[in-house]
Amino acid sequence: MSKEFDVVVIGAGPGGYIAAIRAAQLGKSVACIENWKNPAGNLKLGGTCLNVGCIPSKALLASSEEFENVLHHLGDHGINVGDVKLDLSKMLARKEGIVEKMTKGIEFLFRKNKITWLKGHGKFTGKTDAGVQIEVSGEAETETVTAKNVIIATGSKARHLPGIPVDNRLVADNEGALSFDAVPKKLAVIGAGVIGLELGSVWRRLGADVTVLEALPAFLGACDESLAKEAAKQFKKQGLDIHLGVKIGEVKTTDSSVSVAYTDKDGNAQTLDADRLIVSIGRVPNTDNLGLEAIGLKTDERGFVPVDDHCATSVANVYAIGDVVRGPMLAHKAEDEGVLVAEIIDGQKPHIDYNCIPWVIYTEPEIAWVGKTEQQLKAEGREIKTGQFPMMANGRALGIGKADGFVKMIADAKTDELLGCHIIAANASDLIAEAVVAMEFKAASEDIGRICHPHPSLSEVMREAALAVDKRALNM
Ligand code: FAD
Ligand code: NAI
């Protein structure tokens with residue numbers, strides 16, 4: 001007889017493992033199917049985020065920032081350092097150590113919450129009155145389990161360019177780009193999105209000469225225009241060479257080099273020669289060999305599993321969350337959907353306000369936003385007022401030597417409800433949380449302006465930007 005569970009989750013990324021934990025907290029019997037293997041061949045929980053995404057990229061961003069600070073910014077503090085050496089293998093080992101700690105942490109949480117880890121590839125085989133049948137093919141054996149409820153949390157993988165094979169040595173997606181064994185002298189990046197900018201920044205700080213080729217004519221099109229403009233200025237100053245409006249042609253490789261043919265924005269044929277290439281042109285949902293047809297499910301034209309606002313598919317008791325469904329491909333969005341579905345299965349009535357999901361790009365300065373941009377609101381015909389405050393006028397920002405950028409708040413012209421907050425500044429990833437809380441509680445910009453903020457702190461700029469909405473910033 002096959003094993004039976006109240007909830008079976010397919011995939012143990014941030015969507016899947018959080019869904020499994022929440023369902024277990026609510027008293028369900030839970031199994032989670034996961035087949036991820038690290039390069040050493042060990043099975044790992046945590047998905048893209050922990051193994052080759054958020055966690056390792058932020059570790060390298062932090063290490064490379066330290067390196068750049070020592071090389072270029074400690075002198076400003078009157079600290080002179082001689083003979084700075086990079087030990088890349090130690091830096092990569094530190095990153096791997098953090099990944100190991102985090103993935104082991106999920107194994108601990110699974111044991112603590114009595115979640116069964118089914119080690120293998122999950123595939124739907126059918127549906128009966130008893131529930132949904134899923135075949136789990138592991139290394140040693142294949143078994144079939146029955147689930148009253150299923151949560152598809154199979155995530156996404158890097159999109160590759162047709163005809164340009166990724167070997168993760170010379171031509172890398174996110175996986176290879178997090179593990180180059182040497183700092184490339186010249187690094188080419190295709191795609192000026194989040195990964196291109198974050199990983200491009202890592203290797204630039206470590207000494208690479210980085211050129212980024214982007215198809216779209218506009219830089220960071222999803223951002224408020226004022227942020228995109230400031231970001232372009234900062235990245236140019238740092239030496240990231242970004243070319244917009246290009247069309248990629250043939251990519252040729254030798255044993256040790258890559259050459260990318262492209263047409264520039266003026267229609268001229270160009271060639272970019274580099275030691276390594278990162279292809280970061282977006283991600284595609286994982287539904288390979290998932291057997292969706294066995295339960296009557298079809299993906300949409302872009303490969304996503306179609307779901308409603310509550311992550312329910314068209315098949316009763318089958319849900320899908322995270323990168324494999326519509327919406328931003330962000331770990332915290334996947335996590336929130338995991339909690340939502342576990343609580344729905346428990347009979348609760350949870351809700352996610354997708355407008356309140358923050359975005360962060362972990363460059364220097366960091367870029368973060370929540371809600372709508374000024375351009376989106378104007379296109380909708382909303383009457384708005386905006387307030388902006390520069391980091392340059394904040395004592396703490398000057399003290400830590402990170403005074404680039406600003407905070408911009410957008411509020412409804414009549415009601416003063418906060419509609420968007422856009423930050424390009426040090427620690428924007430933490431600062432944005434205040435705006436998220438405010439928007440979830442439907443606060444007015446005046447509410448933030450009236451709240452006492454610690455001095456001196458970067459958070460004072462949040463208050464000043466909120467006051468600036470009403471043209472009454474105090475320190476400007
Ligand atoms: P995933 O994390 O992709 O996990 C899916 C899991 O399902 C995988 O472990 C996979 O092995 C497993 N799986 C797939 N099919 C099957 C099957 N049939 N059977 C069994 N298991 C299966 N987001 C942020 O919010 N902040 C960041 O800073 C950030 N940085 C990123 C940096 C990089 C370089 C990358 C690539 C992504 C980053 N992201 C970031 C995005 C984030 O990683 C994803 O949004 C998040 O991991 C999605 O979670 P998920 O649970 O939907 O899927
Ligand atoms: P992306 O969607 O952020 O950016 C891809 C870029 O490539 C776009 O600007 C696109 O116009 C460009 N592009 C597409 N095809 C192209 C082509 N043929 N030639 C040149 N340019 C082309 O995707 P990216 O950077 O791969 O990241 C994938 C996802 O992972 C992100 O969308 C995000 O959801 C997630 N992520 C989140 C992070 C964070 O939250 N800090 C960090 C890294 C990734």
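As annotated in an unreviewed UniProt entry, the chain carries the name Dihydrolipoyl dehydrogenase and is attributed to Caballeronia mineralivorans PML1(12). Per its UniProt entry, the chain bears the Sequence similarities (unreviewed entry) comment "Belongs to the class-I pyridine nucleotide-disulfide oxidoreductase family."

**Q** Please clarify how the site of ligand 2 should be interpreted in this entry.
**A** Close contacts around ligand 2 come from 24 residues, with E198, E214, G282, M329 and V360 the closest. Measuring from an oxygen atom of ligand 2, one finds a backbone N or O atom of M329 at 2.6 Å. In isolation ligand 2 has 840 Å² of accessible area, and contact with the protein removes 77% of it. For the shell around ligand 2, the element with the most residues is helix α6 (residues 194–205), which contributes four residues. For the shell around ligand 2, the class distribution of residues is 14 nonpolar, five polar and five charged.

**Q** Explain the side chain of D412 here, please?
**A** Considering the arrangement of structural elements, one finds D412 in strand β21 (residues 406–412). We classify D412 as buried; its relative accessible area is 11%.

**Q** Explain the packing of helix α1 (residues 14–25) against helix α8 (residues 331–345) here, please?
**A** Two numbers describe a pair of packed helices, the interaxial angle and the distance between the axes. Contact geometry of α1 with α8 gives a least axis separation of 7 Å together with a crossing angle of 30°. On the basis of their axis angle, the class for α1 and α8 is roughly parallel. Handedness of the crossing formed by α1 with α8: right-handed. For the pair α1 and α8, contact is made by P14, G15, Y17, I18, A19, R22 and A23 and by A331, A334, E335, G338, V339, A342 and E343, respectively. Taken together, the residues of the contact of α1 with α8 break down into nine nonpolar, two polar and three charged.

**Q** Which parts of the structure should I look at to understand the sheet that holds strand β13 (residues 258–263)?
**A** Strand-to-strand pairing in sheets goes through backbone hydrogen bonds, with the strands running parallel or antiparallel. Spatial strand order, β12-β13-β14: three strands in an open sheet with antiparallel pairing. Looking at which strands have only one partner, the edges of the open sheet turn out to be β12 (247–253) and β14 (269–274). Taken over all neighbouring pairs, the strand axes of this sheet differ in orientation by 20° on average, direction set aside.

**Q** What is the right way to read the side chain of S201 from this model?
**A** By the secondary structure assignment, S201 is in helix α6. In this structure the side chain of S201 is engaged in a polar contact, spanning 2.6 Å, whose partner is the backbone oxygen of L197. Ignoring any residue separated from it by four or fewer positions in sequence, one finds S201 in contact with L61, G196, L240 and T363.

**Q** Would you take a moment to explain the domain arrangement of the chain for this structure?
**A** It is common to report an interface's size as the accessible area lost on association of the parts. Assigned domains of the chain: these are domain 1 (3–158 + 284–352), domain 2 (171–281) and domain 3 (356–468). Here domain 1 and domain 3 have C-alpha centroids that lie 30 Å from each other. Counting from both sides, the interface comprises nine residues of domain 1 and, opposite them, eight residues of domain 3. At the boundary of domain 1 with domain 3, total buried surface from both sides reaches about 720 Å², with 69% on carbon and sulfur atoms. When the buried area of domain 1 at its contact with domain 3 is split by residue, E65, L330 and H332 rank highest and sum to 41% of it. The interface formed by domain 1 and domain 3 holds one salt bridge in total.

**Q** How should the site of ligand 1 be read in this particular structure?
**A** Lining the immediate surroundings of ligand 1 are 38 residues, of which E34, T48, K58, G122 and D323 lie closest. Within the backbone of A331, an N or O atom sits 2.9 Å from an oxygen atom of ligand 1. When isolated, ligand 1 has an accessible area of 1,000 Å², and the protein chains bury 92% of it. Breaking the shell around ligand 1 down by element, the ones donating at least two residues are α1, β2 (30–34), α2 (47–52), α3 (54–73), β4 (121–128) and α8. Here the element with the most residues in the shell around ligand 1 is α2; it accounts for four residues. When its residues are assigned to classes, the shell around ligand 1 shows 16 nonpolar, 18 polar and four charged.

**Q** Honestly, the nonpolar core in this entry has me stumped. Any pointers?
**A** One broad rule of soluble globular proteins: the nonpolar side chains tend to lie buried together. In terms of nonpolar packing, the biggest core is built from 36 residues, with L187, W203, L220, I278 and I367 touching the most fellow members. If we ignore the near neighbours within four places in the chain, the residues touching L187 are F180, W203, A208, D209, V210, T211, A274, R276, L277 and I278.

**Q** I'm lost on the sheet that holds strand β20 (residues 384–390) in this one. Help?
**A** Overall, antiparallel pairing links the five strands, which are arranged β18-β19-β22-β21-β20 in an open sheet. Every other strand in the sheet has two partners, leaving β18 (359–361) and β20 as the edge strands with one partner each. The sheet shows a mean angle of 10° between the axes of neighbouring strands, direction not considered. One ladder, built from three bridges, connects β18 with strand β19 (residues 366–371); its direction is antiparallel. Across the sheet, residue V360 finds its bridge partner in β19, namely A368. Against the sheet, helix α7 (residues 225–238) touches β19, β21 and β22 (418–425), its axis set at about 5° to β22.

**Q** Hey, could you run me through the environment of K247 in this one?
**A** In this structure, K247 sits in strand β12. Given a relative accessible area of 61%, K247 falls into the exposed group. For the pair formed by K247 and T154, sequence separation is 93 residues and the distance between their alpha carbons is 31 Å. In this structure, K247 is in contact with A261, Y262 and T263, ignoring residues within four places of it in sequence.

**Q** Honestly, the UniProt feature "domain: Pyridine nucleotide-disulphide oxidoreductase dimerisation" (unreviewed entry) in the chain in this entry has me stumped. Any pointers?
**A** According to UniProt, the feature "domain: Pyridine nucleotide-disulphide oxidoreductase dimerisation" (unreviewed entry) maps to residues 357–466 in the numbering used here. Here residues 357–466 is 34% helix and 28% strand, with 20 Å between the C-alpha atoms at its ends.

**Q** Would you mind showing me how to read the pattern of salt bridges here?
**A** Side chains that differ in sign of charge can pair as their charged atoms come close. Under the defined criterion, the tally for this structure stands at 30 salt bridges. For the salt bridge of K402 with E65, the shortest nitrogen-to-oxygen distance reads 2.6 Å. With K402 in the loop between α10 (395–399) and β21 and E65 in helix α3, this pair connects stretches of sequence that are 337 residues apart. Judged by relative accessible area, which is 22%, K402 ranks as partly exposed. Residue R450 pairs with E446 through a salt bridge whose shortest N-O separation is 2.6 Å. In this pair, R450 and E446 both sit in helix α12 (residues 445–450), four residues apart, roughly one turn of the helix. R450 gets classed as exposed once you look at its relative accessible area, which sits at 58%.

Reading guide: rules and limits
- Residues numbered from 1 in each chain as written.
- Chains lettered and ligands numbered in written order.
- Predicted model: local features only at pLDDT ≥ 70, side-chain atom pairs only at ≥ 80, totals over all residues.
- Heavy atoms only, no water.
- UniProt positions renumbered as here; feature names shortened; annotations may be inferred.
- Near = heavy atom within 4 Å.
- Polar contact = N/O pair within 3.5 Å; in protein donor to acceptor, adjacent residues only side chain to side chain.
- Areas by Shrake-Rupley, 256 points an atom, 1.4 Å probe, with all protein chains shown as cover.
- Helix = DSSP H or I, 4+ residues; strand = E, 2+ residues; numbered from the N terminus.
- Nonpolar A, V, L, I, M, F, W, Y, C, P; charged D, E, K, R; others polar.
- Buried < 20%, exposed > 50% of the residue type's maximum accessible area, 1.4 Å probe, protein only.
- Axes fitted to C-alpha atoms, helices over the stretch in contact; angles between N-to-C directions.
- Parallel < 35°, antiparallel > 145°, perpendicular 65-115°, else oblique.
- Left-handed = near helix turned anticlockwise from the far one by under 90°.
- Contact = heavy atoms within 4.5 Å.
- Pairing = 2+ DSSP bridges.
- Domains from an automatic or database assignment.
- Buried area = accessible area lost by both parts, 1.4 Å probe.
- Salt bridge = Lys/Arg side-chain N within 4 Å of Asp/Glu carboxyl O.
- Core = buried A, V, L, I, M, F, W, Y, C linked by side-chain atoms within 4.5 Å.

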